[in-house]
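Listed below are the residues making up each chain.
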Amino acid sequence: MKIEFDPEYGLLYIELREGEAEETVDLAKGAHLDLDAEGRVLGLEFLSLGAFEHYMRGVGVLEVSEEGLTTWAPRGARDSAVLSRTSLTPRQREVVELLAEGMTNREIAERLGLSEATVRQHLHNLYKALGVRNRDEARTLLAT
Amino acid sequence: MRYARIRYHSHARKRMQQRKISRAQVERALRDPDRAYESWDKLVVEGATAAGNTVFVYYVETSPGEALVLSVKRRRGAPYERSE
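Residues numbered from 1 in each chain as written. Chains lettered and ligands numbered in written order. Predicted model: local features only at pLDDT ≥ 70, side-chain atom pairs only at ≥ 80, totals over all residues.

Draft legend 1. Representation of the overall build of chain A. Per the secondary structure count, chain A includes 6 helices and 6 strands. Ordering the α and β elements of chain A from the N terminus gives β-β-α-β-β-α-β-β-α-α-α-α. Of all 144 residues assigned to chain A, the portion counted as buried reaches 28%. Once local pairs closer than 6 in sequence are excluded, the contacts in chain A between residues at least 24 apart make up 43%. (Helix = DSSP H or I, 4+ residues; strand = E, 2+ residues; numbered from the N terminus. Buried ≥ 20, exposed ≤ 12 C-beta atoms within 10 Å, placed from the backbone. Contact = placed C-beta atoms within 7 Å.)

Written out as C-alpha cells, the structure is:
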C-alpha cells in the first residue's frame, strides 16, 4: 500500500498492491476507485480529509495531521515492529508509556491533564493499531 | 468561467495520466463547463467529451484568474445523466 497525501488541499491517494484491496474497499465511502480491466481495485482517491480519515481509522491508521500520516499499523497487526513508538504522536507516546507503567485510565488522565474519556479514546486507537483487545494484551506486546 | 492561467497539481497530473484524460479535455471543461458546483470544499466543473462521456475537474482558484487543478475523473455518459 502506497499513500500519497497532501493535507493542504485534502488530496489523498492510496495505491493498492495485489492482495491488499478487497478487505478494505468496503470502508471506502466517498472514495473514487480506480479499477483495472478485470474490475480489481488499483487505487482509492479521496478528495475530503473527513472521508479519508474515516477510512484510515477503519483500516488502522490513527492520526491524520498537518504533518501527514503519523501512525500506520494495519488492523490486527501484532508485529510490534509495524508500530514503532517513534511513529506515534507525542501525546500517544505519553499515553502508551504510562500504560506500560501499569497506570489506570484515571491515573493517566490526571498525569497528562486529560479527561478519562480522552484517554479512553487514545487507548482505543492504540489497541487497534497494536492489534490487541485490551490493556493487558497491549502491555504484554509493549514489553516485548 | 475564464482562467488566464491553469496550473496542475502533481496529484492531478498523475490522475490524468492514469485515467487517460487530456489537458485539452480538462481545459475545455474549465472554459465551457456543462455543470459547475462546489464539492468537498473544491470547485467542480463537468464537461462532455467528444466520445459522449463526462470529465470532472476538481480545482481551486489560487488567485483571480488562476485555477489550480487538483484532480480529474471520467464517468460514462453525458453530464446530467445520473445512473444512480
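Draft legend 2. Quick look at helix α1 (residues 10-19) of chain B. For α1 of chain B, every residue scored as buried is listed here: His11, Ala12, Arg15 and Met16 of chain B. Considered in projection along α1 of chain B, the buried side chains sweep an arc of 135 degrees and stay on one side of the axis. Those residues of α1 of chain B that are exposed and angled more than 90 degrees off the buried face are Ser10 and Gln17 of chain B. Considering only its buried residues, α1 of chain B is in contact with β1 (2-6), β2 (11-15) and β4 (41-46) of chain A together with β1 (5-8), α2 (23-31) and β5 (66-75) of chain B. Positive backbone phi, approximately 55 degrees, marks Lys20 of chain B, located one or two places after α1 of chain B. (Arc of directions from axis to C-beta.)

Draft legend 3. Spatial organisation of the interface of chain A and chain B. With 11 residues of chain A in contact, the opposing surface of chain B contributes 12 residues. Counting only elements with at least two residues in the side of chain A that touches chain B, the list comes to β1, β2 and β3 (31-35) of chain A. Here the side of chain A that touches chain B is composed, by residue class, of 4 nonpolar, 3 polar and 4 charged. (Nonpolar A, V, L, I, M, F, W, Y, C, P; charged D, E, K, R; others polar.)

Draft legend 4. Local environment of unusual backbone geometry. Positioned with a positive phi, Lys20 of chain B is a non-glycine residue whose angle comes to about 55 degrees. Along the chain, Lys20 of chain B falls in the loop between α1 and α2.

Draft legend 5. Representation of the pairing of β1 of chain A within the structure. Residues and elements named next belong to chain A. Here β1 runs beside β2; their pairing, made up of 5 bridges, is antiparallel. Pairing of Ile3 across the sheet is with Ile14, part of β2. Connecting β1 to the next strand, β2, in antiparallel fashion are 4 residues, including Gly10 with a positive phi near 65 degrees. (Pairing = 2+ DSSP bridges.)

Draft legend 6. Examining the environment of Leu98 of chain A more closely. All names here are of chain A. Inspection of the secondary structure assignment puts Leu98 in helix α3 (residues 90-100). Residue class for Leu98 comes out partly exposed when judged on the 18 C-beta atoms lying within 10 Å of it. On a C-alpha basis, the gap between Leu98 and Leu112 in space is 9.6 Å, while along the polypeptide they are 14 residues apart. Leaving out residues up to four positions away in the same chain, Leu98 has contacts with Met103, Ile108 and Arg111.

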